[in-house]
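So the chains spell out like this:
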Amino acid sequence: MANLKTKIGSLELKNPVMTASGTFGYGSEYADFMDISRLGAIIVKGTTLKRREGNPYPRMAETPSGMLNAVGLQNKGVDYFVDHIYPDIKDIGTNIIVNVSGSSIEDYVQTASVINTLDCIPAIELNISCPNVKQGGMAFGVKAESAASVISAVRKAYDKTLIVKLSPNVTDITEIARAAEDSGADSVSLINTMLGMAIDAERRRPVLSTVTGGMSGPAVKPVALRMVWQVAKAVKIPVIGLGGICCATDAVEFLLAGASAIQIGTANFIDPSVSEKVIDGIEEYLDRHGFKDVSEIIGALEI
Amino acid sequence: MKKYQLDLPVADNRMISGNATLLTLTHAEPLPDMAAGQFAELLVPSAKVLLRRPVSIHSINRQNNTVEFLIQIVGGGTKALAELEKGDTVNVVLPLGNGFSYRTVHVAKPLLIGGGVGVAPLLFLGQELAGNGIRPTFLFGGRSESFLLRLDEFRKYGDVFRTTEDGSAGEKGFVTNHSLLLDSDSFDRIYACGPTPMLKAVAKWAKEHETACEVSLEHKMACGIGACLCCVEDTADQGNVCVCKDGPVFPIERLKWQI
């Protein structure tokens, strides 16, 4: 039985499989279907300083091998998280990572400072890549300078593992990844959703209330894989890969491309126990190929 | 209520109108507890379709250990479900959502209003109410007679009244025009499911006549378990909530409908 343990900075994971923010609720939603404590980490829903109602319905459109969403960071705010959600999930048996978003640098810093006080949250994922909010979100993540300014500010206020989630909606993602590394990020996760759009031809109207939305699912996997491969070569900090991962083979591909861990997102909607199957499948792959440790396949792509 | 992900064999699947199929699934073990108004997410047996399809639980037969789904064919996903054959297996996540309030609220004279394929959860509700010794009244509306489905099944549990827009069956017009509603004291609670304009008309009538009313909403959804926050409805008390988890059934006073 191969060793599946991996590390993101100082954060130890029992295996490289995490669930992506916004696709796994706070974990408990999936507890009837699988043993959620088996996960390497659960990244909980994007959390902002103040409560956000999110965007109006409709927020979702199915596309060939994918989907668009325009949720818009609906959440009850960080104080509600601390008072009402954290007590219920802190002893869940695996790492709980909070995805942090905001409309201004000050928002990000304040939210990260609050999360910093929670003993059972070992890391945050800084979301500078949400395409569905008017202010902040992706605006910070598409330019190296603005990414650097928000990451540096949060770094000063947050002393545990800082993961920065990157947007694919950029000309050169390695430039943003290097800016994140230089600004003190311990890791980068990529990719967030790709900006897309759906039109209802019969009604001559956009399907989503926000016109555009973030695309995810198997359709984006080749793009995600390419970006993970490029970023893993460009930075020294560990890379977390996500984008369309639906099975263990997909996960192994990201590890081979250079990811130290992976996240499962949209696939959770199709199979609520998929993440457990991916953990077992990675182990089976390692055993079948005679690897003793998952680290042996990270970045092991032969070209 | 505990949720399950099960592989259920197809016992039967047959078209019961031009665009609706009745899918019957069975299970080797006793089916889990489910409430009327809850739904299931069915994995679509087609590589062209990614997301599951949410479908109301239409009826349950505890003797045969079968569960029925009445599915309107609206696109590629539901078409693929309609093509399932006996012997195939469907991966199902159920039971999802809250269901109608009959398990917690006292009801004596319920009126169950359905439009089109929106009658689907009302058969299960009729079965459950009948099991509690209550005989419900059903009022169904459709464009024409061929849109009124499974009437003989419903008649096993209560009286069935009909409206059609073209007058081909029952009274001509919409459900809210039916003479049954002339006496507003006949019913102490309305349970409704169907197209949104119909639900709004029913809600308006219920509000004006101070009759308790619950409506089952159908929103596009992905996860079905309250994780993705795609299927939201704006509520008076909690803002945006998930139709899949906090619904699909809502008492009308929670909704911010302009009625």
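All of the points below concern the structure found in this document.

Rules and cut-offs
Residues numbered from 1 in each chain as written. Chains lettered and ligands numbered in written order. Predicted model: local features only at pLDDT ≥ 70, side-chain atom pairs only at ≥ 80, totals over all residues. Heavy atoms only, no water. Contact = heavy atoms within 4.5 Å. Buried area = accessible area lost by both parts, 1.4 Å probe. Salt bridge = Lys/Arg side-chain N within 4 Å of Asp/Glu carboxyl O. Helix = DSSP H or I, 4+ residues; strand = E, 2+ residues; numbered from the N terminus. Expected span 1.5 Å × (residues − 1). Buried < 20%, exposed > 50% of the residue type's maximum accessible area, 1.4 Å probe, protein only. Arc of directions from axis to C-beta. 1 Å grid on protein atoms, 1.4 Å probe; cavity = no way out; pocket = protein on both sides within 12 Å on 5 of 7 lines; lining within 4 Å. Points joined across faces, edges and corners; volume = space filled by probe spheres on them. Pairing = 2+ DSSP bridges. Phe/Tyr/Trp six-rings, centres within 6.5 Å; stacked < 30°, edge-to-face > 60°. Lys NZ or Arg CZ within 6 Å of the ring centre and 35° of its normal. Patch = residues over 30% accessible without salt bridge, like charges linked within 9 Å, V, L, I, M, F, W, Y side chains within 5 Å. Areas by Shrake-Rupley, 256 points an atom, 1.4 Å probe, with all protein chains shown as cover. Axes fitted to C-alpha atoms, helices over the stretch in contact; angles between N-to-C directions.

1. Some details on the interface of chain B and chain A
Then, in step 1: Listed by partner, the interface residues are 29 residues for chain B and 33 residues for chain A.
Then, in step 2: Both sides of the chain B and chain A interface together cover about 2500 Å² of buried area, and 57% of this is carbon and sulfur.
Then, in step 3: Summed over the shared surface of chain B and chain A, the result is 1 salt bridge.
Then, in step 4: Among the ionic pairs, Glu62 of chain A bridges to Arg53 of chain B, the shortest N-O distance being 2.9 Å.

2. Examining helix H4 (residues 196-208) of chain B
Residues and elements named next belong to chain B.
Then, in step 1: Here H4 spans 18 Å end to end across 13 residues, near enough to the 18 Å set by a 1.5 Å rise per residue.
Then, in step 2: Where H4 is concerned, the buried positions are Met198, Leu199, Val202, Ala203, Trp205 and Ala206. The buried side chains of H4 occupy one side of the element, clustering within an arc of 160 degrees when seen end-on. Away from its buried face, by an angle of more than 90 degrees, H4 presents the exposed residues Pro197, Lys207 and Glu208.
Then, in step 3: Looking at the residues trailing H4, positive phi occurs at Glu210, about 50 degrees.

3. Digging into empty space enclosed by the protein
Residues and elements named next belong to chain A.
Then, in step 1: According to the stated counting rule, one finds 3 cavities of 30 Å³ or more in the structure shown.
Then, in step 2: Forming the boundary of the largest cavity are 38 residues, of which Ser21, Thr23, Asn69, Asn192 and Thr193 lie nearest the centre.
Then, in step 3: Mapped by element, the contributors of at least two residues to the lining of the largest cavity are strand S4 (41-47), strand S6 (66-69), strand S14 (212-216), strand S16 (259-264) and helix H7 (267-270).

4. Things to note about the pairing of strand S1 (residues 4-17) of chain B
Within a regular strand, the side chains alternate between the two sheet faces.
All names here are of chain B.
Then, in step 1: As paired strands, S1 and strand S7 (residues 89-96) are joined by 6 bridges and run antiparallel to one another. Each bridged residue has a counterpart across the sheet, and for Asp7 the counterpart in S7 is Asn91.
Then, in step 2: Counting the residues between successive antiparallel strands, the hairpin from S1 to strand S2 (residues 20-26) contains 2 residues.

5. Notes on the packing of aromatic side chains
For any pair of aromatic rings, the description rests on two quantities: the centre-to-centre distance and the angle between the ring planes.
Then, in step 1: This model, assessed by the stated rule, comprises 8 aromatic pairs over all chains.
Then, in step 2: Ring centres of Phe138 of chain B and Phe154 of chain B lie 4.9 Å apart, and the angle between their planes is 65 degrees; on these two criteria the pair is classed as edge-to-face. Separated by 16 residues along the polypeptide, Phe138 of chain B in strand S9 (residues 137-142) and Phe154 of chain B in helix H3 (residues 151-155) bring together distant segments of the chain.
Then, in step 3: The exposure class assigned to Phe154 of chain B is buried, which follows from its relative accessible area of 0%.
Then, in step 4: Through pairs of rings, three or more aromatic residues link up here, namely Tyr26, Phe81 and Tyr86 of chain A.
Then, in step 5: Cation over ring: Lys233 of chain A sits above Trp229 of chain A, and NZ or CZ is 3.6 Å from the ring centre.
Then, in step 6: One cation-aromatic arrangement involves Lys2 of chain B over Tyr4 of chain B; the distance from NZ or CZ to the ring centre is 5.2 Å.

6. Let's talk about a nonpolar patch on the surface
Residue and element names in this part refer to chain A.
Then, in step 1: Among the surface-exposed residues, Met197, Ile199 and Val211 lie close enough to one another that they form a single nonpolar patch of about 280 Å² accessible area.
Then, in step 2: Within the secondary structure, Val211 sits in the loop between strand S13 (205-206) and S14.
Then, in step 3: Val211 gets classed as partly exposed once you look at its relative accessible area, which sits at 33%.

7. Considerations on the sheet that holds S16 of chain A
Within a sheet, neighbouring strands are paired by backbone hydrogen bonds and run either parallel or antiparallel to one another.
Residue and element names in this part refer to chain A.
Then, in step 1: Reading around the barrel, the 8 strands line up as S3-S4-S7-S8-S9-S10-S15-S16 and close back on themselves, with parallel pairing between neighbours. The mean inter-strand angle of the sheet, taken between neighbouring strand axes irrespective of direction, is 30 degrees.
Then, in step 2: Relative to strand S8 (residues 123-127), strand S7 (residues 95-100) is paired through 4 bridges, and the arrangement is parallel. Its bridge partner being in S8, Asn99 is matched across the sheet by Glu125.
Then, in step 3: Seen against the sheet, helix H1 (residues 78-89) touches S4 and S7 and runs at an angle of roughly 155 degrees to S4.
Then, in step 4: Packing against the sheet, helix H8 (residues 274-288) makes contact with strand S3 (17-19) and S16, and its axis sits at approximately 170 degrees to S3.

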